[in-house]
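# What the coordinates show
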Amino acid sequence: MTDAAIDFKQAVNHHLGKNLLGAYYPATNIIIDPEVLKSLSERHILNGISEALKHALAQSREMTEAIVNPLHEDIHAALSDPKYLEMVCRECIDHKVPTLIHYQDSDFNEMVPQYGHAIAHAIEHLSFHSGKDVCPLLHGEAVAIGMCVTAEVALCLGICDKNAVDEHYKYISQAGLPIFVPEGLSLDAIQEKLCYDKHYVKKPSMGLLEEIGHMHCQEDGSYAVEVDNHIIRAALEANFSRRDNSPQTKDLYTLDTVSPVSSAVNFEELKKNAYNASSTGCPCPAVDGGKNQGAMFAV
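Please read all numbers here as calculations on a predicted model, not as lab measurements.

## Concerning the packing of helix α1 (residues 42-59) against helix α2 (residues 61-73)
Look at α1 against α2: their axes get within 7 Å of each other, and the N-to-C directions meet at 150°. Relative to α2, α1 is oriented roughly antiparallel. Two packed elements cross with a definite hand, and for α1 against α2 that hand is left-handed. Contact with α1, carried on its side by L46, I49, A52, L53, H55, A56 and L57, involves R61, M63, T64, I67, V68 and L71 of α2 and no other residues of that element. Class assignment for the residues of the contact of α1 with α2 results in 10 nonpolar, two polar and one charged.

Here it is as structure tokens:
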């Protein structure tokens, strides 16, 4: 309702990666009825909200806070509130439809809907093919993690400051979504799988945010930034570093039983520890080769 239904690109997965077989095929009519969400579990509703949050982070701080604040206050109440769910759908329609109407005008209209997806597609696919020790990720959960790692990429390239990265982790975790790459997914495996992303030509290509609600535009007018592999690796290592130094976490799969308020991350402590392993001037340190990996968590 907040993403795939509002689009003209349709695809299916391939054993080599996500969304590799598909076509441009716009729907004649799109029906969005939030009432049918009552048939879904909280985890699956939140999975869809993640895609709305993607548009919010890339296009509007106001929309970001409208989505996140009710979830942070009482996630169970928000996910069962028809008015809240309708608001999320309407906001997503208002922000996504213009990217479809003006699709050919600028690659902004491709990079916004794909924000965080290069990393997300890799870790989502791997989570289903890495053995019983890795819990499979739903698409929106992988996108949530992918957006956090993508913010780290922007920091490594000097496109955003550390506050913008911290805000990604804050907003996404306060929404009840995962923010860390799960244990069992190696740096090498993620980087290899990135080669199968639909925007990968010679390098991974992705949209990057300068701040919440504002996507970076290059001098040539393009919003698609080619990113060297060592930057991707540094960004992933920065995500691992935050995870390993996170002082208070809760597992994603306890969403139905754990209060989001009582288990909230201490973000001041998290920010203080986020880069404490760095011994160089790079804001995205290489931390132990990714060997000391914890579990996947969200707040």
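Structure shown, so let's carry the discussion forward.
## Notes on the packing of α1 against helix α4 (residues 82-101)
As a packed pair, α1 and α4 sit with axes 10 Å apart at the nearest point and diverge in direction by 45°. If you check the angle between α1 and α4, you find them oblique. As α1 packs across α4, the resulting crossing turns out to be left-handed. Listed contacts from α4 to I45, I49, A52, H55 and Q59 of α1 are Y84, L85, V88, C92, H95, K96 and T99. Classifying every residue of the contact of α1 with α4 by side-chain character gives seven nonpolar, four polar and one charged.

## Quick look at the environment of I67
By the element assignment, I67 lies in helix α2. A residue is classified by how much of its surface remains accessible, and I67, at 0% relative accessible area, is buried. In the structure, I67 is positioned 15 residues away from A52 in sequence and 8.2 Å away in space, judged by C-alpha atoms.

Thresholds, definitions, all that
- Residues numbered from 1 in each chain as written.
- Predicted model: local features only at pLDDT ≥ 70, side-chain atom pairs only at ≥ 80, totals over all residues.
- Heavy atoms only, no water.
- Axes fitted to C-alpha atoms, helices over the stretch in contact; angles between N-to-C directions.
- Helix = DSSP H or I, 4+ residues; strand = E, 2+ residues; numbered from the N terminus.
- Parallel < 35°, antiparallel > 145°, perpendicular 65-115°, else oblique.
- Left-handed = near helix turned anticlockwise from the far one by under 90°.
- Contact = heavy atoms within 4.5 Å.
- Nonpolar A, V, L, I, M, F, W, Y, C, P; charged D, E, K, R; others polar.
- Buried < 20%, exposed > 50% of the residue type's maximum accessible area, 1.4 Å probe, protein only.

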